[in-house]
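Inside the fold
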Amino acid sequence: QAQLVESGGDLVQPGGSLRRSCAAAGMFFNLYTMAWYRQAPGKQRELVARITSSGFRNYADSVKGRFTISRDNAKNMVYLQMDSLKPEDTAVYYCNSNYYDQSFWGQGTQVTVSS
């Protein structure tokens, strides 16, 4: 059974950095497009960053230049390096994998950016 497990939630000050990790199991990881989404209170879930099986990346405008998505196919892991964090980055962050009609979600973990 496919499963995505994310690292724990964190509290960080504005301007700080965090690295999120997501471990995948039960799927042919190399085939999947991996992504990070987030959902802030009262808002819809939005795409933060995506990396395809070939390594092509795209980002939400709000995080370009601050966040970096990467993957390690040997370890079935996807990462999100978040730098220069802002209070508006506060949200529950979700890991997602997608391959044609197969889509899986992690459990979501809270990131809070506050002084």
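Criteria and cut-off values
- Note on numbering: residues in each chain are counted from 1, in written sequence order.
- Since the coordinates come from a predicted model, pLDDT governs what is reported: local features require at least 70, and pairs of side-chain atoms require 80 or more to be given and counted, while whole-chain, interface and lining totals use all residues.
- Note that water and hydrogens are dropped before the side-chain values are worked out from all heavy atoms of the structure.
- One bridge is not enough; two strands pair if DSSP finds at least two bridges between them.
- Elements are defined by DSSP. Helices are runs of H or I of four residues or more, strands are runs of E of two residues or more, and each kind is numbered from the N terminus.
- Angles shown run from 0 to 180 degrees and are taken between the N-to-C directions of axes, each axis being a line fitted to C-alpha atoms and, for helices, limited to the stretch in contact.
- The definition used for a disulfide is geometric: two cysteine sulfur atoms within 2.5 Å.
- Using a 1.4 Å probe on the protein chains alone, a residue whose accessible area is under 20% of its type maximum counts as buried, one over 50% counts as exposed, and one in between counts as partly exposed.
- Whether two aromatic rings pair depends on their centres lying within 6.5 Å, for rings of Phe, Tyr and Trp, where Trp uses its six-membered ring; planes under 30 degrees apart make the pair stacked, over 60 edge-to-face, and the rest tilted.
- The criterion is that NZ of a Lys, or CZ of an Arg, lies within 6 Å of the ring centre and within 35 degrees of the ring normal, and then a charge sits over that ring.
- What counts as a salt bridge is simple: a side-chain nitrogen of Lys or Arg found within 4 Å of a carboxyl oxygen of Asp or Glu.

The strand order β1-β3-β8-β7 describes an open sheet built from four strands, whose pairing is antiparallel. At either end of the open sheet lies a strand with only one pairing partner, and these are β1 (3–6) and β7 (67–72). Between one strand axis and the next, the sheet turns through 20° on average, direction left out of account. Note: β1 against strand β3 (residues 18–25), four bridges, orientation antiparallel. In the strand pairing of β3, Leu 4 is matched with Ala 24.

Counted under the stated rule, the structure contains one disulfide. The disulfide partner of Cys 22 is Cys 95, and the gap between their sulfur atoms is 2.1 Å. Residues Cys 22 and Cys 95 share a disulfide whose torsion about the S-S bond is about -85°; that sign makes it left-handed. Linking Cys 22 in strand β3 with Cys 95 in strand β9 (residues 91–99), this pair joins segments that are 73 residues apart in sequence. Each member of the pair, Cys 22 together with Cys 95, is buried.

Scanning the model with the defined rule gives five aromatic pairs in all. Considering the side-chain rings of Tyr 32 and Tyr 99, the 5.5 Å spacing of their centres and the 45° angle between planes classify their relative orientation as tilted. Highlighted residues: Tyr 32 in the loop between β3 and β4 (33–39) and Tyr 99 in strand β9, separated in sequence by 67 residues. Overall, the relative accessible area of 4% leaves Tyr 32 in the buried class. Taking 4.7 Å as the distance between ring centres and 80° as the angle between the ring planes, the aromatic pair formed by Tyr 99 and Tyr 100 counts as edge-to-face. What makes Tyr 100 exposed here is its relative accessible area of 70%. By the ring-pair criterion, three or more aromatic residues cluster together here, those being Tyr 32, Tyr 99, Tyr 100 and Phe 104. The ring of Tyr 79 has Arg 19 sitting right over it, with the charged end atom 4.0 Å from the ring centre. One residue, Arg 45, lies across the ring of Tyr 94, its end atom 3.7 Å from the ring centre.

Among the secondary structure elements, Val 113 is positioned in strand β11 (residues 109–113). A residue is classified by how much of its surface remains accessible, and Val 113, at 4% relative accessible area, is buried. Put simply, Val 113 and Gly 16 are 97 residues apart on the chain and 8.3 Å apart in space, counted from C-alpha to C-alpha.

Tallied over the entire structure, the rule returns four salt bridges. Glu 46 is the salt-bridge partner of Arg 38, the closest N and O atoms lying 2.7 Å from each other. One salt bridge connects Asp 89 with Arg 38, and the closest N-O pair in it is separated by 2.9 Å. Placement of Asp 89 in the loop between β8 (77–82) and β9 and of Arg 38 in strand β4 is noted, with a sequence separation of 51 residues between them. Across this residue pair, the class does not change: Asp 89 and Arg 38 are buried. Sharing partners across several salt bridges, the network here consists of Arg 38, Glu 46, Arg 66 and Asp 89.

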